[in-house]
Amino acid sequence: GPDPQPRLTPAMSTARKAFLGLVGGTRLVRLEGPSRATGCNIFGKCEFENPGGSVKDRAASWMVRAALNDGTLVEGEPGIIVEGTAGNTGTIVNISRRY
């Protein structure tokens, strides 16, 4: 059957680097109502701006970066990441590794 994890082309590798580079650095938004009610500035972090739309993007990006840094994953080569979840973190790990 088809290779479930095809070799990355240079364009795909660049896209993956871009994906990992987009995680984090999300904006802060001052929450006016709670700030007024408490007399202090209260901010919300716009984690929905991450590529996968979730705070879990951060955890997933660190898993992929760590695996690339320690040689467990090699850029441009097939690899496997096992993350024991059926939730957002597993989804984002899959997305970040593919792109």
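Residues numbered from 1 in each chain as written. Predicted model: local features only at pLDDT ≥ 70, side-chain atom pairs only at ≥ 80, totals over all residues. Heavy atoms only, no water.

Scanning the model with the defined rule gives 3 salt bridges in all. Between Arg27 and Glu49 there is a salt bridge, with the nearest N and O atoms lying 2.2 Å from each other. Here Glu49 lies in the loop between strand E2 (43-45) and helix H3 (56-69) and Arg27 lies in the loop between helix H1 (10-22) and strand E1 (28-30), a separation of 22 residues in the sequence. A relative accessible area of 52% places Arg27 in the exposed class. Overall, Glu49 belongs to the partly exposed group, its relative accessible area being 30%. Glu32 serves as the salt-bridge partner of Arg30, at 2.5 Å between the closest nitrogen and oxygen. Sharing partners across several salt bridges, the network here consists of Arg30, Glu32 and Arg36. (Salt bridge = Lys/Arg side-chain N within 4 Å of Asp/Glu carboxyl O. Helix = DSSP H or I, 4+ residues; strand = E, 2+ residues; numbered from the N terminus. Buried < 20%, exposed > 50% of the residue type's maximum accessible area, 1.4 Å probe, protein only.)

Our focus in this paragraph is H3. Residue pairs spaced three or four apart in an α-helix point in one direction, given the helix's 3.6 residues per turn. Between its first and last C-alpha, H3 extends 20 Å over 14 residues, near the 20 Å set by a 1.5 Å rise per residue. For H3, the set of buried residues is Asp57, Ala60, Ser61, Val64 and Ala67. The arc that holds the buried residues of H3, viewed along the axis, is 130 degrees, so those residues lie on one side. Turned more than 90 degrees away from the buried face of H3 sit Trp62 and Asn69, all of them exposed. Phi for Gly71, located one or two positions after H3, is positive at around 85 degrees. (Expected span 1.5 Å × (residues − 1). Arc of directions from axis to C-beta.)

Bringing the confidence of the model for the protein into the picture now. Segments scoring low in pLDDT should not have their predicted coordinates read at a detailed level. Per-residue confidence for the protein gives a mean pLDDT of 75, with 65% of residues at or over 70. Per-residue pLDDT, averaged within each element of the protein, yields its smallest value for helix H4 (residues 88-98) (61) and its largest for helix H2 (residues 32-38) (96). (pLDDT = per-residue confidence, 0-100.)

Under the defined criterion, the tally for this structure stands at 0 aromatic pairs. The residue whose ring lies beneath Arg65 is Trp62, and the NZ or CZ to ring-centre distance is 6.0 Å. (Phe/Tyr/Trp six-rings, centres within 6.5 Å; stacked < 30°, edge-to-face > 60°. Lys NZ or Arg CZ within 6 Å of the ring centre and 35° of its normal.)

It is worth spelling out the side chain of Asn50 at this point. Structurally, the position occupied by Asn50 is in the loop between E2 and H3. Reaching out from Asn50, the side chain makes a polar contact with the side chain of Glu47 at a distance of 2.6 Å. Not counting residues up to four positions away in its chain, the partners in contact with Asn50 are Leu22, Val23, Gly24, Thr26, Val55 and Asp57. (Polar contact = N/O pair within 3.5 Å; in protein donor to acceptor, adjacent residues only side chain to side chain. Contact = heavy atoms within 4.5 Å.)

Inspection of the secondary structure puts Phe43 in strand E2. On the basis of relative accessible area, Phe43 is assigned to the partly exposed category, the value being 44%. Note: C-alpha distance between Phe43 and Arg30 (13 residues apart in sequence) is 4.3 Å. Leaving out residues up to four positions away in the same chain, Phe43 has contacts with Leu28, Val29, Arg30 and Leu31.

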